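# Coordinate analysis (summary)
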Amino acid sequence: FTGNLSCDISGNKVPLTSEHQVSLYTQANFPITDSMNGFINADFTHESSKFVQVHNLMETGATNILSGQIGVTYDNIRLEIFGRNLTDERTPPAATRWFDLLEGFNTISSQTPGATSVDRNITGPRSTFLSYRRGRQIGARIQVDF
């Protein structure tokens, strides 16, 4: 199709897979009164950068996420304040390279001012598709068990 029959990707890393991953979690529970207990917990996750595809030309970047909760329990009631992604990490959790159907083939016209060539690549134009990570979230929650 493209005239380039070399598909050798030997030595490249597997795409969409972090080489290193770490997850840490800690929790402490403590009495406040005879009928009320407190708790605090935190979790941390690290993922090294992931390549987007087998060619190893684009990466997502390393990710570090910190989350936690603090609160009290009283009988069947739980009150807590929580924070997710407290570091406001913005690296994409997933990405891939794909054919851009919106633009299609021959997207650069020879009539375009400043154009030095026409896009006549048989594989068509390429784009990167990625999903966004939720930003920092802070909230409160009340839970009642029946």
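See the structure above.
Criteria and thresholds
Numbering of residues starts from 1 in each chain and follows the order in which that chain's sequence is written. Restriction of local features to residues with pLDDT of at least 70 applies here, the model being predicted, together with a cutoff of 80 or more for giving and counting side-chain atom pairs; totals for whole chains, interfaces and linings are based on all residues. No hydrogens and no water enter the side-chain calculation; it runs on all heavy atoms of the structure. Each helix is a run of H or I in the DSSP string that is no shorter than four residues. Each strand is a run of E no shorter than two, and both are numbered from the N terminus. Each residue's exposure class comes from its accessible area (1.4 Å probe, protein chains only) as a fraction of the maximum for that residue type: buried when under 20%, exposed when over 50%, partly exposed otherwise. By definition in these notes, contact holds between two residues if any of their heavy atoms fall within 4.5 Å. Only the protein chains shown count as cover for residues, with accessible areas throughout obtained via the Shrake-Rupley method and a probe of 1.4 Å. In the sections that follow, a salt bridge refers to a side-chain nitrogen of Lys or Arg positioned within 4 Å of a carboxyl oxygen of Asp or Glu. By the criterion applied in these results, polar contacts are pairs of N or O atoms within 3.5 Å in which, for protein atoms, one can donate a hydrogen and the other can accept it, and in which residues neighboring in sequence qualify only through two side-chain atoms. Paired strands, in this sense, are two strands between which DSSP finds at least two bridges. Note on geometry: axes are lines fitted to C-alpha atoms, helical ones only across the stretch in contact, with angles between N-to-C directions running from 0 to 180 degrees. Here the term cavity refers to a set of points on a 1 Å grid, laid over the protein atoms alone, in which a 1.4 Å probe fits but cannot get out; the term pocket refers to an open set having protein on both sides within 12 Å along at least five of seven lines, with lining residues being those that place an atom within 4 Å of a point. Grid points are joined across faces, edges and corners, and a volume is the space filled by probe spheres set on the points. Residue classes follow a fixed rule: Ala, Val, Leu, Ile, Met, Phe, Trp, Tyr, Cys and Pro count as nonpolar, while Asp, Glu, Lys and Arg count as charged, and any other residue, Gly among them, counts as polar.

Attention shifts here to the overall build of the protein chain. When its secondary structure is counted, the protein chain shows zero helices and seven strands. Each helix and strand of the protein chain, placed in order from N terminus to C terminus, yields the pattern β-β-β-β-β-β-β. Residues classed as buried in the protein chain amount to 23% of the 146 residues present. A separation threshold of at least 6 residues defines the contact pool for the protein chain, and within that pool the share at least 24 residues apart is 59%. Accessible surface, the protein chain: about 10,600 Å² in total, of which carbon and sulfur atoms supply 57%.

Along the chain, the position of Thr-96 falls in strand 5 (residues 95-99). It is 9.7 Å that separates the C-alpha atoms of Thr-96 and Thr-60, two residues lying 36 residues apart in sequence.

The next thing to look at is the side chain of Thr-91. Along the chain, Thr-91 turns up in the loop between strand 4 (77-84) and strand 5. What makes Thr-91 buried here is its relative accessible area of 13%. Excluding its chain neighbours within four sequence positions, the residues that come into contact with Thr-91 are Thr-60, Gly-61, Ala-62, Thr-63 and Arg-133.

Before going further, it helps to spend a moment on the pattern of salt bridges. If you walk through the whole model with that rule in mind, you get five salt bridges. Here Glu-80 ties to Arg-141 by a salt bridge, and the two come within 2.6 Å at their closest N and O atoms. With a gap of 61 residues between them, Glu-80 in strand 4 and Arg-141 in strand 7 (residues 137-144) connect regions that are remote in the sequence. Owing to a relative accessible area of 6%, Glu-80 belongs among the buried residues under this scheme. A single network of salt bridges, built from pairs that share partners, joins Arg-78, Glu-80 and Arg-141.

Here we take up the side chain of Asn-85. Inspection of the secondary structure assignment puts Asn-85 in the loop between strand 4 and strand 5. On the accessibility criterion, Asn-85 (6% relative accessible area) is buried. One polar contact links the side chain of Asn-85 to the main-chain carbonyl oxygen of Arg-134, over a distance of 2.7 Å. In this structure, Asn-85 is in contact with Ile-65, Leu-66, Ser-67, Arg-133, Arg-134, Gly-135 and Arg-136, ignoring residues within four places of it in sequence.

The five strands are arranged 1-2-3-4-7 in an open sheet whose pairing can be described as antiparallel. The strands lining the two open edges of the sheet, one partner per strand, are strand 1 (21-31) and strand 7. Sheet twist, expressed as the average angle between the axes of neighbouring strands with direction ignored, equals 10°.

Going through the model one piece at a time under the given rule, you end up with one cavity of 30 Å³ or more. The volume enclosed by the largest cavity comes to roughly 40 Å³. Every residue lining the largest cavity is listed: Val-52, Gln-53, His-55, Asn-56, Leu-57, Met-58 and Arg-97. Here the residues of the lining of the largest cavity are counted per class, giving three nonpolar, three polar and one charged.

Moving on, we come to the environment of Arg-78. Mapped onto the secondary structure, Arg-78 falls in strand 4. The partly exposed category is assigned to Arg-78, whose relative accessible area is 25%. Expressed as a C-alpha distance, the spacing of Arg-78 and Asn-37, which sit 41 residues apart in the sequence, is 9.5 Å. What Arg-78 contacts, discounting residues up to four positions off in sequence, is Phe-39, Gln-69, Val-72, Thr-73, Arg-141, Ile-142 and Gln-143. Among the polar contacts listed, one links the side chain of Arg-78 to the side chain of Glu-80, at a separation of 2.7 Å.

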